[in-house]
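What the coordinates show
Letter by letter, the chains look like this.
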Amino acid sequence: MEYLDIDVPAGPLRALRFGSGPRIALAAHGITASAMSYRTVARHLPDEWSLISLDLRGRGGSNGLAGPFGMTRHAADICAAAEQFGAAAEPIVLTGQSMGAYAALRAAVARPDLFSKMVLVDGGLPLPVPEGADLDQLLKLTLGPALARLSETYASEEVYVDFFRAHPALGTEWNDDIEAYARYDAAGEPGAIHSKANPAAVAEDGRDLLVGAASFGADLIDLRVPTVLLHAPKGMFGQEPGMLPQPLVDHWAQQAPQLRTELIAETNHYTILMTDRPAATIAAHITDK
């Protein structure tokens, strides 16, 4: 694994490079996650590939970057990374999970010339928002423990890792990659360990996903890059339904000409990315011509 920096406004943006092959996959993570969430996928890529996983603005090694945040800003950062690393390679394969799927979608629509195809993972479809809904309450209900950890401190890194281990969507599938992901996210001194994710960035991005739901539908219609959406039958708490219910997936598969979809059985919103069997499927879609 190699640490990289990307020149962006108020930058640099941090990224992790897995592998040293000339072919490039560029990855964007979820709303409270980090570049380390793609470690499992990277292990399943062939030797001729490298995966460059971004720490999106406000997360991981990019947690000190100033806003504004939102999907349009993240998309601009993704395009800057693609321009930096794509010059000496074939057009980049773009992938994004959860919030990162929405940012990737916007990037692909803005600059289709930079990307040969896109692999979305359990994200990218407009989220239904009831009319008149309290957006802050809806965010709290949707993200649950993921938001709670941003306002908490922990006695040690081990205690912080145990928080993840106790999560209902992760504990039964615990592995070295998930542990590395949790440790990468830990910051601070003993007695005051906390997440690297910037709560202000998470709040602004979360509201953007809800308020701008219709705009992502327009992006899907305008999409010119061949795209596959891989989605999980279980959600953020490891229970059905998934974050993207099947009727929603079916609707957008009919509406967006460039979109095809595939259900990855026996996965949830997190394990679809960070466990071996589904990660191997993601890697196969990245490399498949």
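Read on for a plain summary of the structure. (Residues numbered from 1 in each chain as written. Predicted model: local features only at pLDDT ≥ 70, side-chain atom pairs only at ≥ 80, totals over all residues. Heavy atoms only, no water.)

What to know about the packing of aromatic side chains
Going through the model one piece at a time under the given rule, you end up with 6 aromatic pairs. On the numbers, 5.2 Å between centres and 80 degrees between planes, the contact of Tyr 160 with Phe 164 is edge-to-face. Residue Tyr 160 and its partner Phe 164 are both found in helix H6 (residues 157-165); the two are separated by 4 residues, about one turn of the helix. The class of Tyr 160 is buried, set by a relative accessible area of 0%. A relative accessible area of 5% places Phe 164 in the buried class. (Phe/Tyr/Trp six-rings, centres within 6.5 Å; stacked < 30°, edge-to-face > 60°. Helix = DSSP H or I, 4+ residues; strand = E, 2+ residues; numbered from the N terminus. Buried < 20%, exposed > 50% of the residue type's maximum accessible area, 1.4 Å probe, protein only.)

Some details on the pairing of strand E1 (residues 2-6)
The side chains of a regular strand alternate, residue by residue, between the two faces of the sheet. Across 5 bridges, the pairing between E1 and strand E2 (residues 13-18) is antiparallel. Residue pairing in the sheet places Tyr 3 in a bridge with Leu 16 of E2. The antiparallel hairpin formed by E1 and E2 contains 6 residues in its connecting segment, where Ala 10 sits at a positive phi of about 65 degrees. (Pairing = 2+ DSSP bridges.)

Observations concerning the pairing of strand E5 (residues 92-97)
Within E5, 6 of the 6 residues are buried, which leaves the element mostly enclosed by the surrounding structure. Examined bridge by bridge, strand E3 (residues 23-28) and E5 share 4 bridges and lie parallel to one another. Each residue of the ladder has a partner; that of Leu 26, found in E5, is Leu 94. Relative to strand E6 (residues 115-121), E5 runs parallel, the two being bridged by 6 bridges. Bridge assignment links Val 93 to a residue of E6, and that residue is Lys 117. Crossover handedness for the path E5 to helix H3 (residues 99-110) to E6: right-handed. (Right-handed = clockwise from strand over helix to strand, strands pointing away.)

Structural notes on the side chain of His 231
Structurally, His 231 is set in strand E9 (residues 227-231). Under the relative-accessibility criterion, His 231 is labelled buried at 2%. Excluding anything up to four places from it in sequence, His 231 contacts Asp 122, Leu 244, Gln 246, Val 249, Glu 262, Leu 263, Ile 264 and Ile 272. (Contact = heavy atoms within 4.5 Å.)

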